[in-house]
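# Commentary on secondary and tertiary structure
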Amino acid sequence: MLRLAKRDFLKLAGLAIAEKLVPSWAWARPAEPTESDRKVIIVTFGGGCRYQETFAPEGLRNIPRLVGLKDDGRFFRNCANDGVLSHYNSTSSIVTGNWQRVDDFGFGWARSPTIFEYFRKATGVRSTDAWAICTNKSFATMGATKVRGYGEGHGANVVLPKQLLLEAVDEVIKRDLDQGVADRENVLRQLEGILNAGYEGIGWTIFRGGRQLDRQVRQTLKRGLVEYIYGPEAPNSGDELTFFVAREVMREFAPRLMLVNFWDMDVAHWGAYSLYLQAITKTDRLCGMLWDEVRANPSYRDKTTLLILPELGRDGDQDTANGFLNHRSGDPSCRDVWMLALGAGLDRGETDRRIAHVDLAPTALGMLGVAPGEMQGNPIPEILI
Ligand SMILES: [Zn+2]
């Protein structure tokens, strides 16, 4: 059978991206962090979900893990998205601290620096300390901007896990393969489910210009991918793949700042309410598993703050097109969501006061000991910094 384990596949995929940014001499294993090394993980409970399917009384059954964790953290009842109600702009506003209004399909960059750039520029940490792992395939530019003095040299490693799979698919499916794949059609079918999930039906080619994998890694992927797909833990959704990559990155690189973008619940655009609810419950489970990893991993335990929030809601049921399908009305069910903070440095409890998505960036930087630049958001005092 095939030689490489799933872990090797992802490890090499991650290495292939990161090694473009750091010289080879920097690849020594990072020193074990000290107790004071604060880490921050921002998780978008993503793709768009309303209060009524989550932390409203009638929605609690969809999110059992977060409900169980809520009392251990600080729950912000009113976390508002006052910006453009699109996926890229919403998430970009979270990581820049300023409401962004840019092209929403991966062609543009935020107009103010990201927390990744502030963090790396101020501290001089290596590129492997900042990552963005994104299910949404249009998020290739989420990790950096074109702002003078900042930019990719200070940005995060951006991993689009589905793109990694796609590149491997090219190798596995479309070229000659002498070994390992007894049933190529079956492999392709399994992959298609992951790769084609999501609403925005724009092609993949526009994202091909990014960081490419080198030939040696591609060869490795050809072998590793197949075992990965056939393995017992093979994911069946983009978000599961994103979780798996995020966990591998945590174990391999222990970054201090990471964005994890879940997105599968945006399947709601297709109109199936049951699939939307299933995606919410799956995201809930993956968030719980991410928290489990934080607590189990000595590089993260007791020094990590996890910030979980929907990047946007969805239209209300009174709207045309059945409410939950879209997120464009701008009414409160689109804008008013919540945030759950877990982990280090928290004053536990609940906050009714209104906070906003742009408050996360200055708060995250404060936890990392970095002064924010000019931001519309303000640090959140309940998250002790
Ligand atoms: Zn959407």
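Preceding this section is the structure that the text describes.
The following paragraphs examine the structure supplied in this document. All figures in this text were calculated on a predicted structure; none of them were measured in a lab. Along each chain, numbering runs from 1 in the same order as the chain's sequence is written. Two thresholds apply to this predicted model, a pLDDT of at least 70 for residue-level local features and 80 or more for giving and counting side-chain atom pairs, whereas whole-chain, interface and lining totals are computed over all residues.

Only runs of H or I of at least four residues qualify as helices and only runs of E of at least two qualify as strands under DSSP, and these elements are numbered from the N terminus. The span expected for a helix works out to 1.5 Å for each residue beyond the first. Between the first and last C-alpha of helix α9 (residues 273-296) there are 35 Å, a value that for 24 residues agrees with the 34 Å anticipated at 1.5 Å per step. Field definition: a residue is buried when 20 or more other C-beta atoms are found within 10 Å of its C-beta, exposed when 12 or fewer are, and partly exposed for counts in between, with C-beta atoms placed from the backbone. Considered for burial, the residues of α9 that qualify are Y276, A279, I280, T283, D284, L286, C287, L290, W291 and V294.

Geometrically, a packed helix pair is captured by the angle between its two axes and the distance between the axes. Note on definitions: angles span 0 to 180 degrees between N-to-C directions of axes, and those axes are lines fitted to C-alpha atoms, for helices only across the stretch in contact. Here helix α4 (residues 115-123) crosses helix α11 (residues 360-367) at 25°, and the two axes come no closer than 10 Å. With respect to α11, the element α4 is oriented roughly parallel. The hand of the α4/α11 crossing is right-handed. Contacts between α4 and α11 pair I115, Y118 and F119 from the former with A361, A364 and L365 from the latter. Here the residues of the contact of α4 with α11 sort into six nonpolar, no polar and no charged. Throughout, the term roughly parallel applies to angles under 35 degrees, roughly antiparallel to angles over 145, roughly perpendicular to angles from 65 to 115, and oblique to all others. By convention, the crossing between two helices is left-handed when the near helix turns anticlockwise from the far helix through less than a right angle, and right-handed when the turn is clockwise. We call two residues in contact when the distance between their C-beta atoms, placed using the backbone, is within 7 Å. Amino acid classes used here: Ala, Val, Leu, Ile, Met, Phe, Trp, Tyr, Cys and Pro are nonpolar; Asp, Glu, Lys and Arg are charged; the rest, including Gly, are polar.

Structurally, a nonpolar core is described as a collection of buried Ala, Val, Leu, Ile, Met, Phe, Trp, Tyr and Cys residues joined by way of C-beta atoms within 7 Å. Core analysis: the biggest nonpolar cluster contains 83 residues, and V43 and M339 have the highest contact counts within it. For M339, the contacting residues outside a window of four places in its chain are F76, C79, L307, I308, L309 and I355.

Looking now at unusual backbone geometry. One non-glycine residue with positive phi stands out, namely A254, at about 45°. By the secondary structure assignment, A254 is in the loop between α8 (238-253) and β5 (257-261). Residue A254 is classed as buried on the basis of its C-beta count, with 20 C-beta atoms lying within 10 Å.

Glancing now at α8. Between its first and last C-alpha atoms α8 spans 22 Å; for 16 residues at 1.5 Å apiece the expected length is 22 Å, and the two agree. For α8, the buried fraction is high: 13 of the 16 residues fall into the buried class. Downstream of α8 by a residue or two, A254 has a phi angle that is positive, lying close to 45°.

The subject of this paragraph is the pairing of strand β7 (residues 336-343). Counted residue by residue, β7 has seven buried out of eight residues, so it is predominantly covered. DSSP calls a pair of strands paired once it identifies at least 2 bridges connecting them. Pairing analysis gives five bridges linking strand β2 (residues 74-80) to β7, with the strands arranged antiparallel. Residue pairing for β7: R74 is matched across the bridge by A341. The pairing of strand β6 (residues 304-309) with β7 spans four bridges and is antiparallel.

For the rest of this paragraph, the subject is the pairing of β6. Burial within β6 is extensive, with six of its six residues counted as buried. On β6, burial covers both faces: T304, L306 and I308 on one face and T305, L307 and L309 on the other are all buried. Judged from the six bridges that link them, strand β1 (residues 39-44) and β6 form a sheet pairing that is parallel. Considered in β6, the bridge of V40 is made with T305.

Our focus in this paragraph is the environment of Q278. Tracing the backbone shows Q278 in helix α9. Using a count of 16 C-beta atoms within 10 Å as the deciding quantity, one classes Q278 as partly exposed. Placed 216 residues apart in sequence, Q278 and N62 show a C-alpha to C-alpha distance of 8.0 Å.

Here T96 shows up in helix α3 (residues 87-96). Overall, T96 belongs to the buried group, with 29 C-beta atoms counted inside 10 Å. Sequence separation between T96 and G143 is 47 residues; the distance between their C-alpha atoms is 10.0 Å. If sequence neighbours within four positions are ignored, T96 has contacts with A110, S112, P113, T114 and A361.

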